[in-house]
Amino acid sequence: MDLEAVAVVCFVVFVVVLWWHLWPRPPEEELPPELCGTRLVYAERLFCSLGPVSITAKVDRVYRNAKEALILVELKTRKANRAYRSDVIELSAQRLALMGQTGEAVADHAYVLTERPDGRRTGCHRVRLMEPVVLNSTQN
């Protein structure tokens, strides 16, 4: 092989390695350890609970663990590598809507996966969800 061919091969290898490290990967590749081996059951789906107060929420991802509980995952694009209180409120509403429509157990915690605006993954944050409030439909 001549010098030009070696240079072309080196350049192609460099481009492939660079692409592999910089190309955005699907969030499933960077799940927290608790969700490894779980099954994705819902993605980008709308749920609605009925009752004294109706809640409609669209989930990003829902996984089923070995104990048959559903675990919510929210995908966020932001500069800061952190979860906010608003994420907890949003996920708690999703939990209520999901439980209300499916009747299935949903974990009392969830995950917020963050990535920068350029698509690079920055973190995975476990958050504790708010407890549902029971509304009394009778008047005093």
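Residues numbered from 1 in each chain as written. Predicted model: local features only at pLDDT ≥ 70, side-chain atom pairs only at ≥ 80, totals over all residues. Heavy atoms only, no water.

**Student:** So what's going on with the sheet that holds strand β1 (residues 39–49)? Residues and values would help.
**Tutor:** With mixed pairing, the five strands of this open sheet are ordered in space as β1-β2-β3-β4-β5. Only two strands of the sheet have a single neighbouring strand rather than two, namely β1 and β5 (121–128). When the angles between neighbouring strand axes are averaged without regard to direction, this sheet yields 35 degrees. Its contacts with the sheet place helix α2 (residues 85–102) against β1, β2 (55–64), β3 (70–77), β4 (106–115) and β5, and it is angled at close to 85 degrees to β1. (Pairing = 2+ DSSP bridges. Helix = DSSP H or I, 4+ residues; strand = E, 2+ residues; numbered from the N terminus. Axes fitted to C-alpha atoms, helices over the stretch in contact; angles between N-to-C directions. Contact = heavy atoms within 4.5 Å.)

**Student:** Hey, could you go over unusual backbone geometry for me, with residue numbers and the actual values?
**Tutor:** The backbone of E44 sits at a positive phi, close to 50 degrees, despite the residue not being glycine. Considering the arrangement of structural elements, one finds E44 in strand β1. Take E44: its relative accessible area is 44%, and that puts it in the partly exposed class. (Buried < 20%, exposed > 50% of the residue type's maximum accessible area, 1.4 Å probe, protein only.)

**Student:** Just give me the short version of the pattern of salt bridges, but keep the residues and values in it.
**Tutor:** Under the defined criterion, the tally for this structure stands at 11 salt bridges. The residue R61 makes a salt bridge to E44 at a minimum N-O spacing of 3.6 Å. One end of the pair, R61, is in strand β2; the other, E44, is in strand β1, and 17 residues separate them in sequence. A salt bridge links R64 to E104; the shortest N-O distance between them is 2.6 Å. Of this pair, R64 sits in strand β2 while E104 is found in the loop between α2 and β4, placing the two residues 40 residues apart along the sequence. Using a relative accessible area of 12% as the deciding quantity, one classes R64 as buried. Given the relative accessible area of 26%, E104 is considered partly exposed. Overlapping salt bridges bring together E44, K58 and R61 as one network. (Salt bridge = Lys/Arg side-chain N within 4 Å of Asp/Glu carboxyl O.)

**Student:** Help me get a handle on the packing of aromatic side chains, residues and values and all.
**Tutor:** Aromatic ring pairs are reported here in terms of the distance separating the ring centres and the angle at which the planes meet. The final tally for this structure, using the stated rule, is one aromatic pair. Considering the side-chain rings of Y42 and F47, the 4.9 Å spacing of their centres and the 80 degrees angle between planes classify their relative orientation as edge-to-face. In this pair, the class of Y42 matches that of F47, namely buried. (Phe/Tyr/Trp six-rings, centres within 6.5 Å; stacked < 30°, edge-to-face > 60°.)

**Student:** I'd like a description of the confidence of the model for the protein chain, backed by residues and values.
**Tutor:** On average, residues of the protein chain score 83 in pLDDT, and 81% of them reach the 70 mark or higher. When the elements of the protein chain are averaged for pLDDT, helix α1 (residues 3–22) gives the smallest value, 66, and β3 the largest, 95. (pLDDT = per-residue confidence, 0-100.)

**Student:** Quick rundown of the pairing of β2? Include the residues and the values.
**Tutor:** The buried count for β2 comes to seven of 10 residues, which makes it a mostly enclosed element. By the bridge criterion, nine bridges tie β1 to β2 in an arrangement that is antiparallel. Across the sheet, the residue bridging to F47 is A57, located in β2. As consecutive antiparallel partners, β1 and β2 are separated by five residues, and within that stretch G51 has a phi angle of approximately 155 degrees, a positive value. Pairing analysis gives four bridges linking β2 to β3, with the strands arranged antiparallel. Looking across to β3, one finds that R64 is bridged to L70.

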